[in-house]
Amino acid sequence: MSGKVQIHFQALQIANEQRNAYGLRYNDYERYRKHCYNRTHRLRSTLKMTYGRGREFKKLAPISLETVKDGHLQLLLFEAERAWAHSQELYQESLKLVNTAKTAKGAAAEDAQKKASSNRKHATRRMRRAIHWATQLLSHCQALYAQSRLSAEDLAQVTAYTLILNGHFLRQRYDFEDALAQLCVARNLLDALSAAATNSRDQALAVSFADEIGPEIRHCAHELRREKAYDIDAVVAEVAPRHRNALVQDCDTLLVQLGKGSRGATGERGKLKTLIWEGEPVPIRNPELVDILLKVQEAEEKLVQARKAEEKDDDAPPGERDRKGKRAHGARSKRGGVASYDAILLSLSEAEDVSRKLAEAQKMSGTTAAGTRDIHFVHAYVVYQLLSRRVQRDILLMSTLLHQLHAAQKSHSGHSKARKVQVDARLYPAIVKLLDSVLQSLEQMRTLTIVDESPDLASAVEARLAFTKARRCYYLAWCYAPLKKYAEALTLTQHAFLHLRECRSTLEGMIETDPINHGDPAFYPLTLTDLDKLDEEIALDSTTFKNDWYAFNGGALDAESGKTHKKPLFFDIALNYISLDMERLQERAGKAPANLHPTPAIAPAAQQAPEKKAPTTSKAKVEEVERAATPEPSAQARGGLSSLLGGWWGRR
């Protein structure tokens, strides 16, 4: 016995992986049938079990137990899967033809009815062929198990697979009593496999197949007029013990061996911790999802270990930390925490993608597990965890950016202008961008069904939305302050006060029962002390903005008003449109000017001008003489309409 090769063959795992990967997630039986055909062809070529070449037919030799390999068992499994997929494809086509016959009339209806009947007969033949291949596979596995070359778990999987095919075929033949017995025994074996599983993936695999045959058990019990046909567990507990030894060879011994195998395996590496939501477990019934959530669990454990190491370093004496070189506080340690969150977010993104596809497939098929939380709930739960971790990562990044600001303020704590320290101009825009990301995550979280169905959680999310908006307005105001836009900065501080007031009104009534503060993880802790602190900072900075604005331009809205002087609106009206007798006014005021004699120098100069231009024509001389003889208007003659028009034309 020791010289014989041990075979490890998990039929349910292989069937589940191939079905999900090649079309059956969306009920595409044709694609899966073609895949099974190609797979059997490759296996026959590898095992050298072809039927010859060309027209020459070569009969295959029977498979002997001495030469049997894992590939031989896979070949039988894929032959059964191919025939089963073909049967389901033909059955679906027959249903479509029946619906066509109901709507059509005359010869078209008769033709559709004949084709539907032909497809049903063909589907029955293919289903019998699938059972033939599955029975042959089971006989080989039983022989290997008798020689101790196959484990009890592998034999139980093959047995359950064969019983499921038999039960499905009998139910389609309307033999509900025998079908119920076959399906109940298969469900009993699957429950035993789930209980004996050494890791969460094997457990989810058994549970997924048990969920698939659950509706069929309920239908058979209903057709047999059984009481409480909706209670599948009760029906299985009643029917399975009576028929399992008759349908399965040494079934009780097989179940005992399964129990021994589960007690012998004590490893906890592949075990997924129970996920709790509002005091109830979250069912994870898909092996793909279990694998990804195990990655999430490992990443979370690494994050917890990193936090414990940081706390241990912080508690150590300063001399010891310097001696070991583990001064990992401040911005450097926070960057390491951000890297740990990246691994969690990557795994959660993969889990969200898989759960979304499973939810879409279940929506298309219209099936669900009775009395349990379905895959739609699991998808919402995974999205909530993804968003919460993303918010937690963004808050950690923001605290890392603010570390340099706090360090600079501490270094200038003795000065009167400690809050006006010079920081990088990109600091506040980066913080605003992170707060935008937090707002987006919280708004998406608020739309989830699991949040909407919990009033306390919905109020907690709304409170954090208001608090994040207040912080965003506060840091956005600091983006405007260096640009001397104090009006915009003060407007934003007023908006921040309004958001803080909204947050306080929401949080005061539920501060003791806040599900986020008491949750695991508490991704966004928020207390009334945080609100008071932010309120104080906004009030202090608002006063600072007002003082800086007044010192800049006296509180004017236009920043350029203090640099240039503008004339009053009616500055030129008195000079251009009103004629004043200044001499009369001065005389009445007792300030009469001295009598000035005008010098007659203008007329001789005007008269001498034509004499210098003697060579010019006579016409030009006449014009120049007339122009020179024009008398100058006196100050007393200005007034009336001519003075008004002169003011319009700009003459003084």
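Per chain, residue numbering runs from 1 following the sequence as it is written. Since the coordinates come from a predicted model, pLDDT governs what is reported: local features require at least 70, and pairs of side-chain atoms require 80 or more to be given and counted, while whole-chain, interface and lining totals use all residues. Only hydrogens and water are removed before side-chain values are computed, so all heavy atoms of the structure are retained for them.

**Brief notes about the overall build of the chain**
Line of reasoning, step 1. Scanning the chain from terminus to terminus reveals 23 helices and 2 strands.
Line of reasoning, step 2. Relative accessibility decides the category of a residue: with a 1.4 Å probe and only protein chains considered, values under 20% of the type maximum give buried, values over 50% give exposed, and everything between is partly exposed. Expressed as a percentage of the 652 residues in the chain, the buried residues total 40%.
Line of reasoning, step 3. Long-range pairs, those at least 24 residues apart, make up 73% of the contacts in the chain with a sequence separation of at least 6.
Line of reasoning, step 4. Values of accessible area rely on a 1.4 Å probe in the Shrake-Rupley scheme; residue burial ignores everything except the protein chains shown. Counting every atom, the chain has about 38900 Å² of accessible surface; 52% of that belongs to carbon and sulfur. Numbering of helices and strands runs from the N terminus; a helix is a DSSP stretch of H or I covering at least four residues, while a strand is a stretch of E covering at least two. In what follows, a contact means two residues having at least one pair of non-hydrogen atoms within 4.5 Å.

**Some remarks on the pattern of salt bridges**
Line of reasoning, step 1. In the sections that follow, a salt bridge refers to a side-chain nitrogen of Lys or Arg positioned within 4 Å of a carboxyl oxygen of Asp or Glu. Enumeration according to the criterion identifies 28 salt bridges in this entry.
Line of reasoning, step 2. Residue Arg171 is joined to Glu216 by a salt bridge in which the shortest nitrogen-to-oxygen separation is 3.1 Å. Taken together, the residues span a long stretch of sequence, with Arg171 in helix H5 (residues 152-172) and Glu216 in helix H7 (residues 200-223) at a distance of 45 residues.
Line of reasoning, step 3. With a shortest N-O distance of 3.3 Å, Glu300 and Arg389 are connected by a salt bridge. Pair noted here: Glu300 is in helix H10 (residues 287-315) and Arg389 is in helix H13 (residues 375-411), with a separation of 89 residues, a long-range link.
Line of reasoning, step 4. Judged by relative accessible area, which is 25%, Glu300 ranks as partly exposed.
Line of reasoning, step 5. For Arg389, a relative accessible area of 7% puts it in the buried group.
Line of reasoning, step 6. Connected through salt bridges with shared partners, the residues Glu352, Asp353, Arg356, Lys357 and Glu360 form a single ionic network.

**Structural notes on the packing of helix H16 (residues 455-480) against helix H17 (residues 486-507)**
Line of reasoning, step 1. In this description, a line fitted to the C-alpha atoms serves as the axis of each element, helices being fitted only across the stretch in contact, and the angle between N-to-C directions of two axes falls anywhere from 0 to 180 degrees. Across the interface, H16 lies against H17 with an axial gap of 8 Å and an inter-helix angle of 165 degrees. Relative to H17, H16 is oriented roughly antiparallel. Considering only the axes of H16 and H17, their crossing is left-handed. Residues Ser459, Ala463, Ala466, Phe467, Lys469, Ala470, Cys473, Tyr474, Leu476, Ala477 and Tyr480 of H16 lie in contact with H17, whose contacting residues are Glu488, Ala489, Leu492, Thr493, His495, Ala496, His499, Leu500, Glu502, Cys503, Thr506 and Leu507.
Line of reasoning, step 2. Under the grouping applied here, Gly and all other residues not named as nonpolar or charged are polar, the nonpolar ones being Ala, Val, Leu, Ile, Met, Phe, Trp, Tyr, Cys and Pro and the charged ones Asp, Glu, Lys and Arg. When the residues that make up the contact of H16 with H17 are grouped by side-chain class, the tally is 15 nonpolar, 5 polar and 3 charged. Oblique is the label for any angle not covered by the other classes, which are roughly parallel (under 35 degrees), roughly antiparallel (over 145) and roughly perpendicular (65 to 115). Note: crossing handedness is left-handed where the near helix turns anticlockwise from the far helix by less than a right angle, and right-handed where it turns clockwise.

**Structural notes on unusual backbone geometry**
Line of reasoning, step 1. With a phi close to 65 degrees, Ser148 is a non-glycine residue in the positive phi region.
Line of reasoning, step 2. Tracing the chain through its elements places Ser148 in the loop between helix H4 (107-146) and H5.
Line of reasoning, step 3. One non-glycine residue, Asp250, lies in the positive phi region at around 50 degrees.
Line of reasoning, step 4. Mapped onto the secondary structure, Asp250 falls in the loop between helix H8 (232-247) and helix H9 (251-264).
Line of reasoning, step 5. Judged by relative accessible area, which is 51%, Asp250 ranks as exposed.

**A closer look at the state of the cysteines**
Line of reasoning, step 1. Pairs of cysteine sulfur atoms within 2.5 Å are identified as disulfides in what follows. A complete count under the given rule lists 0 disulfides for this structure.
Line of reasoning, step 2. Free cysteine: Cys184, not disulfide-bonded; nearest cysteine sulfur from Cys220 at 8.2 Å.

**Side note on the confidence of the model for the chain**
Line of reasoning, step 1. For the chain, per-residue confidence averages 82 on the pLDDT scale, and residues scoring 70 or more make up 77% of the total.
Line of reasoning, step 2. Within the chain, helix H22 (residues 618-628) has the poorest average pLDDT of any element, 44, and H5 the best, 95.
Line of reasoning, step 3. For every residue, the pLDDT score states the predictor's confidence, bounded by 0 at the bottom and 100 at the top. In the model, residues 601-630 has pLDDT below 50 throughout and makes 7 contacts with residues more than four positions away in sequence or in other chains.

**Points about the nonpolar core**
Line of reasoning, step 1. Judged by nonpolar contacts, the single largest core of 75 residues is most densely connected at Tyr384 and Val451.
Line of reasoning, step 2. Taken together, the elements giving at least two residues each to this core come down to H10, helix H12 (331-365), H13, helix H14 (427-446), helix H15 (449-452), H16, H17 and helix H18 (528-553).
Line of reasoning, step 3. Ranked by residue count, the leading element in this core is H16, at 16 residues.
Line of reasoning, step 4. Residue contacts for Val451: discarding those within four places in its chain leaves Tyr384, Met445, Arg446, Leu457, Ala458 and Val461. Among the buried residues, those of types Ala, Val, Leu, Ile, Met, Phe, Trp, Tyr and Cys that are joined through side-chain atoms within 4.5 Å form a nonpolar core.

**With respect to the side chain of Asp154**
Line of reasoning, step 1. Note on placement: Asp154 falls in helix H5.
Line of reasoning, step 2. Residues scored as positive are Lys and Arg, those scored as negative are Asp and Glu, and His as well as the terminal groups of each chain are ignored. Buried and unpaired, Asp154 has Arg149 as its nearest opposite-charge partner, separated by 11 Å.
Line of reasoning, step 3. Reaching out from Asp154, the side chain makes a polar contact with the side chain of His8 at a distance of 3.5 Å.
Line of reasoning, step 4. Residue contacts for Asp154: discarding those within four places in its chain leaves Ile7, His8, Phe9 and Gln10. Any pair of N or O atoms that falls within 3.5 Å is considered a polar contact. Within protein, one atom must be able to donate a hydrogen and the other to accept it, and sequence-neighbouring residues count only if both atoms are side-chain atoms.

**Considerations on H8**
Line of reasoning, step 1. With 16 residues, H8 should reach 22 Å at 1.5 Å per residue; the first-to-last C-alpha distance of 20 Å falls well below that figure.
Line of reasoning, step 2. Fitting axes to the seven residues that end at a residue and to the seven that start at it, the angle between those axes gives the bend at that residue. At Ala240, H8 is deflected by roughly 50 degrees, the largest bend along its length, and proline Pro241 occurs up to four residues later in sequence.
Line of reasoning, step 3. Buried residues of H8: Ile232, Val235, Val236, Val239, Ala240 and Arg244, and no others. A helix is expected to reach a length of 1.5 Å times the quantity of its residues less one.

**Topic: the packing of aromatic side chains**
Line of reasoning, step 1. When the centres of two rings from Phe, Tyr and Trp lie within 6.5 Å, Trp using its six-membered ring, the rings pair. Their planes under 30 degrees apart give stacked, over 60 give edge-to-face, and anything left gives tilted. Tallied over the full model, the rule gives 10 aromatic pairs.
Line of reasoning, step 2. Look at Trp277 and Tyr384: their rings are 5.1 Å apart centre to centre, the planes differ by 75 degrees, and that puts the pair in the edge-to-face class. Linking Trp277 in strand S1 (residues 276-277) with Tyr384 in helix H13, this pair joins segments that are 107 residues apart in sequence. Note on accessibility: Trp277 and Tyr384 belong to one class, buried.
Line of reasoning, step 3. Both rings, one in Tyr384 and one in Phe523, keep their centres 6.2 Å apart while their planes meet at 85 degrees; by these two values the pair is edge-to-face.

**Digging into the side chain of Asn188**
Line of reasoning, step 1. For Asn188, the position within the fold is in helix H6 (residues 176-195).
Line of reasoning, step 2. Apart from the residues within four sequence positions on either side, Asn188 is in contact with Val236, Ala240 and Arg244.

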